[in-house]
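# Residue-level structure breakdown
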Amino acid sequence: MTDSENVIWLQEAGRKDVGRVGGKNSSLGEMLNTLGTKGIRVPAGFATTSDAYWKFIKANSLEDSIREAIGHFVDGSISLSDTGRSVREMILKAQWPEDVAKDIVGHYQQLSKNAGRENLDVAVRSSATAEDLPDASFAGQQETYLNVSGDVELLAACKRCFASLFTDRAISYRQVKGFDHMQVALSIGVQQMIRSDKGGSGVMFSIDTETGFDKVVVINAAWGLGENVVQGAVDPDEFVVFKPLLSDTSLAPIVEKMMGAKSIKMVYSAGSEKTKNVPTSRKERALFVLSDDEILTLARWAVIIEEHYGCPMDMEWAKDGEDGDLFIVQARPETVQARRDQSTFKTYQITKKGPTLTKGLSIGGSVINGPVCLIESPQDIDKFVDGSILVTGTTDPDWVPIMKRAAGIITDHGGRTSHAAIVSRELGVPAVVGTGDATHVLHSEQDVTLSCAEGDEGFVYEGYAEFEEKTESLNDIPPTATRVMLNLANPSSAFRWWQIPSDGVGLARMEFVINNQIQVHPMALIEFDKVRDEEARAKIEELTGDYDDMTEYFVDKLARGLARIAATVYPKPVIVRMSDFKTNEYAGLLGGAGFEPDEENPMIGFRGASRYYSDAYRAGFALECQAIARLRNLMGFDNVIMMIPFCRSMSEADKVLDVMAENGLRRGEQGLQVYVMCEIPANVVLAKEFASRFDGFSIGSNDLTQLTLGIDRDSDKLSDLFDEQNDAVKWMIENVIREAHEAGAKVGLCGQAPSDHPEFAQFLVEQGIDSISVTPDSFIAVKQQIAKAEGTSKADAA
């Protein structure tokens with residue numbers, strides 16, 4: 001069957017044909033034409049043209065009737081719902097022009113013949129001729145029909161696609177965007193169905209959808225057909241892959257793997273509906289939809305597609321359950337982050353808040369207060385109170401009119417690529433999706449705070465929280481010879497700071513990842529039989545249920561958590577401080593109480609380096625080392641530098657380095673650098689000796705001040721004596737910088753003092769410190785102070 005003015009094969013279409021076959025179909029044709037040789041699979045199919053649409057409209061004399069109906073809506077004499085219903089009825093009652101129907105059926109029969117199947121099951125998708133443009137996303141505005149089989153079913157589905165150009169949501173969207181309703185045509189894409197009902201499917205972005213971080217691919221995946229992921233009816237798996245390392249096939253830079261509930265899946269149905277949702281099995285809920293190799297394959301495809309189109313992309317994929325093959329079934333430009341101003345960013349600091357009511361995935365990055373308006377059914381949309389926070393189970397395009405009027409959105413179900421998430425981003429409305437229980441724990445007229453400013457996890461707090469909002473500009477940040485780095489501890493919020501032009505991460509606290517993402521004492525995983533607390537045992541078993549080996553839970557979670565931090569600034573250095581809990585803090589981890597001594601003064605007790613070679617924790621430190629080795633060698637983040645805290649002597653240094661070597665981490669091999677914290681007077685007194693064992697020092701000004709002045713830094717009564725600028729402390733800093741530099745080692749400082757005290761910044765610059773590491777919200781202020789101090793020093797030298 002050859003092409004005609006009514007129907008063309010997808011492979012005959014390309015990017016230039018948006019006006020002829022719509023954005024969706026032209027993109028599919030473009031990929032079939034140009035990317036198949038690069039390994040990307042796209043299902044075969046054909047598309048009706050805009051000519052066929054206009055021929056259908058004119059053959060049935062519908063143009064004037066449609067214009068009249070739309071005109072009545074615009075002037076307010078007819079409601080949106082009545083307008084949409086009347087236009088759709090006109091189209092559904094209309095007859096196919098004979099030549100158009102013949103061309104559609106002919107191409108379908110040829111497609112079936114090519115596939116070696118009679119009455120091939122196909123997907124029938126709408127593709128508006130103005131959709132997927134860089135400044136407008138028509139995604140979800142028209143309908144898709146799956147598992148369509150036979151000539152009669154196909155023609156009926158195609159007519160419903162034409163009618164879907166006038167759904168209430170599509171009319172409303174075009175009106176808001178300023179598109180002339182009679183200048184937008186509709187093309188229909190007909191593709192061979194991929195049997196993802198027996199496999200899995202999902203959505204993929206070549207950019208982080210929340211922060212605009214352009215170095216990652218984000219993949220959502222669920223069992224069955226993909227409509228559930230798009231609609232937000234299922235809580236999918238989520239995978240995040242770091243793009244710059246994908247070119248090395250020996251690496252697996254998957255920086256996050258989060259298992260979703262995946263409680264239902266969409267499969268074929270023998271009834272008139274053609275598809276249906278069924279519960280997933282317990283086995284399916286406990287497994288990831290994609291293997292690591294499949295995750296990496298999709299991520300590499302995303303990179304290829306993005307490079308071809310020259311912009312971040314929003315893609316849909318499917319996995320055939322019969323042969324295991326992966327396919328790309330849609331690709332369109334990402335339209336939210338592409339329009340965002342990357343020269344500024346906002347930060348929110350919550351200073352006072354109520355109890356947490358529920359939590360889910362954060363969408364948007366801001367904080368808002370407001371009353372709840374709980375709407376469980378689209379039939380109750382008219383009850384929505386403008387300016388309130390919409391709470392519902394899930395959303396689809398029919399909800400868009402009230403989503404536009406909401407201050408925030410909270411849903412029970414959905415992932416980052418669900419309808420609620422996509423529309424919330426486009427509208428600039430913060431949302432917390434996939435809470436699981438929002439409609440059960442929240443009620444209308446309840447005052448709450450919706451917080452999306454604390455990382456990937458979004459929170460709903462009782463009452464109105466107090467918070468501070470600040471807008472930072474990245475323009476005109478002065479250059480400095482002194483490196484200014486970031487203190488990052490929370491992996492879930494790390495991507496938020498990718499825009500900051502830092503010189504790397506000067507302090508990544510491993511214990512934060514352990515405490516917040518792992519929660520379990522490593523020795524409790526190694527020697528689980530010694531954990532006596534039944535409640536702790538149950539919780540540990542729940543957390544590690546997806547792992548055959550409990551210790552793998554620790555290594556995997558730690559490696560991936562640190563990978564998100566390392567990815568944010570790659571290839572700039574990231575200094576990871578190995579765990580530095582005090583014994584009372586370790587004891588607070590799940591199962592930890594039985595493995596920790598009761599100390600009078602944990603601050604100067606069994607902490608830091610002394611633990612790493614001790615029989616009491618050596619096996620736990622081995623797990624930390626395994627995570628670092630995986631992070632550097634398997635995932636590819638060779639920008640990671642290890643740092644040893646609270647190392648008291650040369651003997652301790654040697655013992656720790658030996659234990660590291662036993663676990664495959666030998667200083668100097670594969671570029672591995674090892675730093676030491678300078679927080680004990682002994683580190684200063686013996687600086688040259690320490691420099692012979694380590695590549696650099698990081699001054700911990702709090703502990704160094706505490707131990708130099710003999711002051712408990714947590715004592716309220718002595719707080720006025722605690723001074724990082726005390727002459728004795730400054731003597732320590734001056735000497736360790738000089739001694740380290742003479743020995744060829746680098747020196748940095750972690751702390752807020754350079755931000756709070758310009759004279760301290762001046763002092764550090766004068767001593768020639770190599771780097772200063774600060775929290776992201778103080779980066780710009782410190783950078784300005786350092787630039788000013790460097791300018792003063794140059795003037796003095798002149």
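A few points on the structure. All figures in this text were calculated on a predicted structure; none of them were measured in a lab.

Thresholds, definitions, all that
- Residues numbered from 1 in each chain as written.
- Predicted model: local features only at pLDDT ≥ 70, side-chain atom pairs only at ≥ 80, totals over all residues.
- Heavy atoms only, no water.
- Helix = DSSP H or I, 4+ residues; strand = E, 2+ residues; numbered from the N terminus.
- Rg over C-alpha atoms; globule rule 2.2 N^0.38 Å.
- Buried < 20%, exposed > 50% of the residue type's maximum accessible area, 1.4 Å probe, protein only.
- Contact = heavy atoms within 4.5 Å.
- Areas by Shrake-Rupley, 256 points an atom, 1.4 Å probe, with all protein chains shown as cover.
- Lys, Arg positive; Asp, Glu negative; His and termini not counted.
- Charge placed at Lys NZ, Arg CZ, Asp CG, Glu CD.
- Salt bridge = Lys/Arg side-chain N within 4 Å of Asp/Glu carboxyl O.
- Core = buried A, V, L, I, M, F, W, Y, C linked by side-chain atoms within 4.5 Å.

Here the focus is the overall build of the protein chain. When you go through the protein chain residue by residue, the secondary structure sums to 29 helices and 30 strands. Taking 798 residues into account, the globule formula puts the C-alpha radius of gyration at 28 Å, and the protein chain, at 30 Å, falls close to it. Overall, the protein chain is about 95 × 55 × 50 Å in size when its C-alpha atoms are taken along their principal axes. Considering the protein chain as a whole, with its 798 residues, one finds that 58% of them fall into the buried category. Of all intrachain contacts in the protein chain linking residues separated by at least 6 positions in sequence, the fraction that spans at least 24 positions is 70%. Accessible area for the protein chain stands at about 31100 Å²; split by element, carbon and sulfur atoms hold 47% of it. On the protein chain, the mean spot of the 80 positive side-chain charges and the mean spot of the 119 negative ones are 3 Å from each other.

Attention now goes to unusual backbone geometry. With an omega of 10°, the peptide bond running from Y570 to P571 counts as cis. With respect to the helices and strands, the residue P571 is situated in the loop between helix 18 (550–569) and strand 25 (574–577). Positive phi values are uncommon outside glycine, yet D476 reaches one of about 60°. The exposure class assigned to D476 is exposed, which follows from its relative accessible area of 75%.

Turning next to the pattern of salt bridges. Pairs can form between side chains of opposite charge once their charged atoms are near each other. Using the criterion set out here, one finds 43 salt bridges in the structure. The salt bridge involving K55 is made with D99; its shortest N-O contact spans 2.8 Å. Of this pair, K55 sits in helix 2 (residues 50–59) while D99 is found in helix 5 (residues 98–115), placing the two residues 44 residues apart along the sequence. For K55, a relative accessible area of 22% translates into the label partly exposed. Judged by its relative accessible area of 34%, D99 falls in the partly exposed class.

Moving on: the nonpolar core. Counting residues in each nonpolar core, the largest one holds 109 residues, and the members touching the most others are F637, I644, M660, F697 and I733. Here this core takes 12 residues from helix 18, the largest share from any one element. Among all residues touching F637, those that are not within four sequence positions of it are F242, L245, V255, A563, A566, A567, Y570, L631 and R632. Grouped together as the second largest cluster of nonpolar side chains are 45 residues, Y53, Y145, V148 and V190 included.

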